[in-house]
Amino acid sequence: MAFTRATGKHRGSSRMARRSVGFAGAATLATTGVIGTLASPALAADTDNRGVEDTGLTKVITEDSLVDRLNAQAAAQEREAFEAAAKAKAQAEAERKAEARAKELRAEKERAAREAERRRLASFQLPVAGTYVSTGYQTGGSLWSSGSHSGIDFHAAYGSSVVSVGSGTVVEAGWGGAYGNNVVIRMNDGTFTQYGHLSSVGVHVGQTVEPGQRIGISGSTGNSTGPHLHFEARTTAEYGSDMNPVAYLRARGVDV
């Protein structure tokens, strides 16, 4: 007997068909995000961890910070070196200026000393300290062979120091006849001075003397009536070339 398939009715799905539908549904759910949503936390965590490791952000940040610190240290060291060099240069310049000033002061001091010495050597003074004129120039009388005094007499107690009135060279030292022990000096300005009636002579011919240098001791040798110093100013070393000793000394700054 033949059977005819009824129309309008469906047969139930087979097991294979249902499995296929299940797979398709799962795929659809995954596509729509249901399964994807459920899986996203774990996937996100894995993704974040892989991102840091893969991109090296931590390493880059650390290296950048280290470079910045090194650059800052280098800049600070460079600045310190510059400041130290500037300080050293300033100190060297200050020392140079100080040395130059000290050298200048030494030179000024030396010039002043030379000038003071030059003035001292060019100066004149009295032949006996604290003395005064006891007999004037050209005083007349029988005591002098020429009839008048060819010099002046300075008061000088026996044994007083007699000094050169200025700078010069000794041209006579010893016995001088009526002058007794005497010294004649050629002064640096070309004039001559004589010191007579000395008890002793302390210089020799050819010796250079300075102002105030002792040349002998006062006494009363030769044609003398008592201890004193006979002093003459001359244009030559010889007797008879005398000039006024008071005017001579005053012209050279000596208070007589």
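Think of each chain on its own: its residues are numbered from 1, step by step along the sequence as written. Totals for whole chains, interfaces and linings use every residue, but because this is a predicted model, local features are given only for residues with pLDDT of at least 70 and side-chain atom pairs only at 80 or more, for both listing and counting. The basis for every side-chain value is the complete set of non-hydrogen atoms in the structure, without hydrogens or water.

K.L.:
Explain the overall build of the protein chain to me, and be specific about the residues and the numbers.
P.N.:
Along its length, the protein chain carries 4 helices and 10 strands. Numbering goes from the N terminus for both helices and strands, where a helix is a DSSP run of H or I of at least four residues and a strand is a run of E of at least two. Moving toward the C terminus, one meets the helices and strands of the protein chain in the order α-α-α-β-β-β-β-β-β-β-β-β-β-α. The classification of residues rests on relative accessible area computed with a 1.4 Å probe and restricted to protein chains. Under 20% of the type maximum is buried, over 50% is exposed, and intermediate values are partly exposed. Put simply, the protein chain has 256 residues, and 25% of those count as buried. By definition, residues are in contact when any of their heavy atoms lie within 4.5 Å. If you take every contact in the protein chain between residues at least 6 apart in sequence, the share linking residues at least 24 apart comes to 58%. Where accessible areas are quoted, they stem from the Shrake-Rupley method and a 1.4 Å probe; at the residue level, only the protein chains shown are allowed to cover. Accessible area of the protein chain: about 16900 Å², with a carbon and sulfur share of 56%.

K.L.:
Tell me what's going on with the nonpolar core, and back it up with residues and numbers.
P.N.:
Counting 23 residues, the largest nonpolar core has Val183, Ile185, Tyr195 and Ile215 as the members making the most contacts within it. Of all the elements in the fold, those that place two or more residues in this core are strand 2 (152-154), strand 5 (181-187), strand 6 (192-201), strand 9 (229-234) and helix 4 (245-250). As used here, the term nonpolar core means buried Ala, Val, Leu, Ile, Met, Phe, Trp, Tyr and Cys residues forming a set that is joined through side-chain atoms within 4.5 Å.

K.L.:
Describe in detail the side chain of threonine 131, supporting the description with residues and values.
P.N.:
With respect to the helices and strands, the residue threonine 131 is situated in the loop between helix 3 (57-122) and strand 1 (133-135). A 3.5 Å cut-off defines polar contacts: any pair of N or O atoms within that distance qualifies, except that in protein one atom must be a possible hydrogen donor and the other a possible acceptor, and neighbouring residues in sequence count only when both atoms are side-chain atoms. For threonine 131, the side chain forms a polar contact with the main-chain oxygen of histidine 155, separated by 2.5 Å. The residues contacting threonine 131, other than those within four sequence positions of it, are Leu126, Phe154 and His155.

K.L.:
Just give me the short version of the pattern of salt bridges, but keep the residues and values in it.
P.N.:
Here a salt bridge means any side-chain nitrogen of Lys or Arg lying within 4 Å of a carboxyl oxygen belonging to Asp or Glu. On inspection of all chains with the given rule, the structure shows 9 salt bridges. Here arginine 119 makes a salt bridge to glutamate 115, at a shortest N to O gap of 3.4 Å. Of this pair, arginine 119 and glutamate 115 are both found in helix 3, 4 residues apart, which corresponds to roughly one turn of the helix. Here arginine 252 ties to aspartate 189 by a salt bridge, and the two come within 3.0 Å at their closest N and O atoms. Placement of arginine 252 in the segment after helix 4 and of aspartate 189 in the loop between strand 5 and strand 6 is noted, with a sequence separation of 63 residues between them. Since its relative accessible area comes to 42%, aspartate 189 is described here as partly exposed. Through salt bridges with shared partners, one network takes in Glu115, Arg118 and Arg119.

K.L.:
Before we move on, could you go through the side chain of glutamate 232 and cite the residues and values that matter?
P.N.:
Along the chain, the position of glutamate 232 falls in strand 9. Looking at glutamate 232, the relative accessible area reads 0%, which means it is buried. Among residues more than four places away in sequence, those in contact with glutamate 232 are Ser150, Gly151, Tyr179, Phe192, Thr193, Gln194, Asp242 and Pro245.

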